[in-house]
Amino acid sequence: MQQFKEYIPIPEELWSFETGAPMQCCALCDCDLFEPGRNYLVEKAFKGSEVIFEYAMCLDCRDKLQGELSLQSRKLIQNYFEEHVDLEARRMECLKAYGLDYSKWVQQCLVKHKPRSECTEFQVYGWCVDRDLVFTGFPYMLSSDCIDDLLELISEESMGAINDFSEKIFGVDLPKDLLVI
Ligand SMILES: [Zn+2]
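Read on for an overview of the structure. For clarity, every value in this text was computed on a predicted model and none was experimentally measured.

Brief notes about helix α6 (residues 156-170)
Relative to the 21 Å expected for 15 residues at 1.5 Å per residue, α6 spans 20 Å between its end C-alpha atoms, a close match to the ideal helical length. Within the span of α6, buried status applies to Ser-158, Phe-165 and Ser-166. When α6 is viewed along its axis, its buried side chains cluster within an angular range of 105 degrees and face the same direction. In α6, the exposed positions that point more than 90 degrees away from the buried face belong to Glu-156, Glu-157, Asp-164, Glu-167 and Lys-168.

This is the structure we're talking about:
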């Protein structure tokens, strides 16, 4: 397993709004996320201070879902990020400027650099290993402008895969702007 030197207990913002505690189960396969060494993604979407949706997904399920996106969609998304942000350089800059202060890492859009206070809708993403948040390319925040850009890159076919996934975890309450990246 990859060893992480920079980590903190999962900050409250990434806890489940529903339970008031860190999310313990993968939204898709229901595996125990607190199992030592388990890698997973937490995503939460906000409108102002209101939580629109939230989920945690283990690495295996995330890989599976990404595998269902078309190669072209994956490439376009990858290119979009590569064009706008150097995640490794950003990681080093943030570590230097903010240390392990989670809130600073997610204070502005990763791509658009729009401050959070000016975003009506945004999503935060954190990478966790069992009970900790690790500082890798994550955590970051994406403004709804950025999400809109990304959604445009996704083919209809890939959108179908995302909607199937979305239906599995959210039932009929499909978030329109769910984006797993
Ligand atoms: Zn899973």
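Let's talk about the pairing of strand β3 (residues 50-58)
Two strands pair when backbone bridges link them, and strand β2 (residues 39-47) and β3 are joined in this way by 8 bridges, in the antiparallel orientation. The partner of Ala-45 across the bridge, within β3, is Phe-53. Hairpin connection from β2 to β3: 2 residues lie between these consecutive antiparallel strands, with Gly-48 at a positive phi of about 60 degrees.

Quick notes on the packing of helix α2 (residues 71-84) against helix α5 (residues 144-153)
Remark: α2 packs on α5, axes separated minimally by 9 Å, with the N-to-C direction vectors making an angle of 150 degrees. Judged on the interaxial angle alone, α5 and α2 are roughly antiparallel. Of the two elements, α2 crosses α5, and the hand of that crossing is right-handed. Contact residues: Ser-73, Leu-76, Ile-77 and Tyr-80 in α2; Asp-149, Leu-150 and Leu-153 in α5. Per-class residue counts for the contact of α2 with α5 are 5 nonpolar, 1 polar and 1 charged.

Some details on the environment of Gln-66
In this structure, Gln-66 sits in helix α1 (residues 59-68). Sequence separation between Gln-66 and Ile-162 is 96 residues; the distance between their C-alpha atoms is 9.0 Å.

Here's the deal with the pairing of strand β6 (residues 140-143)
Side chains Tyr-140 and Leu-142 project from β6 onto one buried face, and the interleaved Met-141 and Ser-143 project onto a second face that is buried too. Here strand β4 (residues 121-129) runs beside β6; their pairing, made up of 4 bridges, is antiparallel. Among the inter-strand pairings, Gln-123 is bridged to a residue of β6, identified as Leu-142.

Things to note about the environment of Ser-70
Mapping Ser-70 onto the fold places it in the loop between α1 and α2. Of the residues examined, Ser-70 has 16 C-beta atoms within 10 Å and is grouped as partly exposed. Sequence spacing of Ser-70 and Ile-169 is 99 residues, and the spatial spacing of their C-alpha atoms is 21 Å. Contacts of Ser-70, omitting those with residues within four sequence positions, involve Ser-155, Glu-157 and Ser-158.

About the criteria used
- In every chain, residue numbers begin from 1 and rise along the written sequence.
- Under the rules for a predicted model, residues below a pLDDT of 70 receive no local features and side-chain atom pairs below 80 are neither given nor counted, while totals for whole chains, interfaces and linings still include all residues.
- The way it works is that DSSP assigns letters per residue, a run of H or I at least four long becomes a helix, a run of E at least two long becomes a strand, and they are numbered from the N terminus.
- Here the expected length of a helix is defined as 1.5 Å per residue gap, with one fewer gap than residues.
- Whether a residue is buried, exposed or partly exposed follows from its count of other C-beta atoms within 10 Å of its own C-beta, namely 20 or more, 12 or fewer, or something in between, respectively; the C-beta atoms are built from the backbone.
- Working note: the arc is built from the helix axis to C-beta atom directions.
- By this definition, two strands are paired if DSSP reports at least two bridges between them.
- In this description, a line fitted to the C-alpha atoms serves as the axis of each element, helices being fitted only across the stretch in contact, and the angle between N-to-C directions of two axes falls anywhere from 0 to 180 degrees.
- Any angle from 65 to 115 degrees is called roughly perpendicular, while one under 35 is roughly parallel, one over 145 is roughly antiparallel, and all others are oblique.
- Note: crossing handedness is left-handed where the near helix turns anticlockwise from the far helix by less than a right angle, and right-handed where it turns clockwise.
- Once C-beta atoms are placed from the backbone, any two residues with those atoms within 7 Å are in contact.
- Classes in brief: Ala, Val, Leu, Ile, Met, Phe, Trp, Tyr, Cys and Pro nonpolar; Asp, Glu, Lys and Arg charged; the others, Gly included, polar.

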